[in-house]
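As a plain string of letters, each chain reads:
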Amino acid sequence: DAGVIQSPRHEVTEMGQEVTLRCKPISGHDYLFWYRQTMMRGLELLIYFNNNVPIDDSGMPEDRFSAKMPNASFSTLKIQPSEPRDSAVYFCASSLVGGAKNIQYFGAGTRLSVL
Amino acid sequence: EDQVTQSPEALRLQEGESSSLNCSYTVSGLRGLFWYRQDPGKGPEFLFTLYSAGEEKEKERLKATLTKKESFLHITAPKPEDSATYLCAVQGTGGYQKVTFGTGTKLQVIP
């Protein structure tokens, strides 16, 4: 398997623009997680899905953030409108509960810069 | 709320100089404690899972141990390729599949 695939790898946008980050989890995994990583706060969980259903979105910072998982092989994280403080690296991870003991496998991340 | 504190924030070692990284945690019922390695520009990569106090896991020069309040990642005779940020994370029984990460220890091994 190619692992968790995220796109784009880098995104530079201007304040107020809409940003969409994409994730393809490992085939067969039933959980998908979105994280944000900054130097100050480390790795923060934003939202996670089980079998395409959002389970916990308490980490989503504001209504400007939304996430969807229309099918088992694709998820998006959208920021609208974007602000400079959203600049961070966003990671997607997937896991298989009951498989390799809940190990989360991470993608390479999307580095977002909002100017 | 689950909490993870890692120390030190950064560690610089000479090649061959053994040391330990610390991870202190508070969790409402431990389901698992995880160690990950993260290289610059990449996502975290899984190393170990520990489930109960007294458990130990080893992989090459790395050894992870667990007590009821903390975990240690021991690095024996490190090499420059061990340079990375090491992340500790916990999964409690209260948050189902939710995992809480620490901010990591950035390790640099100098030849």
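Located above this text is the structure these notes cover.
## What about the overall build of chain A?
Then comes step 1: Along chain A, the regular secondary structure elements total 0 helices and 11 strands.
Then comes step 2: Going residue by residue from the N terminus, the α and β elements of chain A occur as β-β-β-β-β-β-β-β-β-β-β.
Then comes step 3: Counting only C-alpha atoms and orienting by the principal axes, one finds that chain A spans roughly 40 × 25 × 25 Å.
Then comes step 4: Across the 115 residues that make up chain A, the buried fraction comes to 47%.
Then comes step 5: Counting only contacts in chain A whose residues sit at least 6 apart along the sequence, the fraction spanning at least 24 positions is 54%.
Then comes step 6: Element-wise, carbon and sulfur atoms account for 51% of the exposed surface of chain A, whose accessible area totals about 5,700 Å².
Then comes step 7: Averaging the coordinates of the 11 positive side-chain charges in chain A and doing the same for the 12 negative ones gives two points 4 Å apart.

## What about the environment of P40 of chain B?
All names here are of chain B.
Then comes step 1: Topologically, P40 is positioned in the loop between β4 (30-38) and β5 (45-50).
Then comes step 2: The exposed category is assigned to P40, whose relative accessible area is 77%.
Then comes step 3: Expressed as a C-alpha distance, the spacing of P40 and T65, which sit 25 residues apart in the sequence, is 25 Å.

## Points about the nonpolar core
Then comes step 1: The biggest cluster of nonpolar side chains holds 22 residues, and the ones touching the most others in it are L33, W35, L73 and Y86 of chain B.
Then comes step 2: For this core, the leading source of residues is strand β9 (residues 84-92) of chain B, giving 4 residues.
Then comes step 3: In this structure L73 of chain B touches S19, S20, L21, W35, F48, L62, K63, A64 and Y86 of chain B, once residues within four positions along its chain are discounted.
Then comes step 4: Membership of the second largest hydrophobic core comes to 21 residues, among which are C23, F49, A88 and Y90 of chain A.

## With respect to the sheet that holds strand β8 (residues 74-79) of chain A
All names here are of chain A.
Then comes step 1: Read from one edge to the other, the open sheet built from 4 strands follows the order β1-β3-β8-β7, with strand pairing classed as antiparallel. Both outer strands of the open sheet, β1 (5-7) and β7 (65-71), are each paired with one neighbouring strand and no more. Taking the axes of each pair of neighbouring strands and ignoring which way they run, one obtains an average angle of 15° across the sheet.
Then comes step 2: Bridge count between β7 and β8: 5 bridges; the pairing is antiparallel. Paired with N71 across the bridge in β8 is F74.

## Observations regarding the packing of aromatic side chains
Then comes step 1: Throughout the structure, instances matching the rule amount to 11 aromatic pairs over all chains.
Then comes step 2: Aromatic pair F106 of chain A and Y36 of chain B: ring centres 5.7 Å apart, planes at 85°, arrangement edge-to-face. Here F106 of chain A, found in strand β10 (residues 105-106), pairs with Y36 of chain B, found in strand β4, and the two come from separate chains.
Then comes step 3: Both rings, one in Y36 of chain B and one in F101 of chain B, keep their centres 5.6 Å apart while their planes meet at 50°; by these two values the pair is tilted.

## Regarding the state of the cysteines
Then comes step 1: The tally for this structure, following the rule as stated, stands at 2 disulfides over all chains.
Then comes step 2: Between the sulfur atoms of C23 of chain A and its disulfide partner C92 of chain A the distance amounts to 1.9 Å. Looking along the S-S bond of the C23 of chain A-C92 of chain A disulfide, the torsion reads about -65°, which is the left-handed sense. Taken together, the residues span a long stretch of sequence, with C23 of chain A in strand β3 (residues 19-24) and C92 of chain A in strand β9 (residues 88-95) at a distance of 69 residues.
Then comes step 3: The class for C23 of chain A is buried, based on a relative accessible area of 2%.
Then comes step 4: Residue C92 of chain A is classed as buried on the basis of its relative accessible area of 0%.
Then comes step 5: Note on cysteine connectivity: C23 of chain B is disulfide-linked to C88 of chain B, with sulfurs 1.9 Å apart. Since a negative S-S torsion denotes a left-handed disulfide, the C23 of chain B-C88 of chain B link at about -65° is left-handed. Separated by 65 residues along the polypeptide, C23 of chain B in strand β3 (residues 19-26) and C88 of chain B in strand β9 bring together distant segments of the chain.
Then comes step 6: Owing to a relative accessible area of 0%, C88 of chain B belongs among the buried residues under this scheme.

So, how was this worked out
- Residues numbered from 1 in each chain as written.
- Chains lettered and ligands numbered in written order.
- Predicted model: local features only at pLDDT ≥ 70, side-chain atom pairs only at ≥ 80, totals over all residues.
- Heavy atoms only, no water.
- Helix = DSSP H or I, 4+ residues; strand = E, 2+ residues; numbered from the N terminus.
- Buried < 20%, exposed > 50% of the residue type's maximum accessible area, 1.4 Å probe, protein only.
- Contact = heavy atoms within 4.5 Å.
- Areas by Shrake-Rupley, 256 points an atom, 1.4 Å probe, with all protein chains shown as cover.
- Lys, Arg positive; Asp, Glu negative; His and termini not counted.
- Charge placed at Lys NZ, Arg CZ, Asp CG, Glu CD.
- Core = buried A, V, L, I, M, F, W, Y, C linked by side-chain atoms within 4.5 Å.
- Pairing = 2+ DSSP bridges.
- Axes fitted to C-alpha atoms, helices over the stretch in contact; angles between N-to-C directions.
- Phe/Tyr/Trp six-rings, centres within 6.5 Å; stacked < 30°, edge-to-face > 60°.
- Disulfide = S-S within 2.5 Å.

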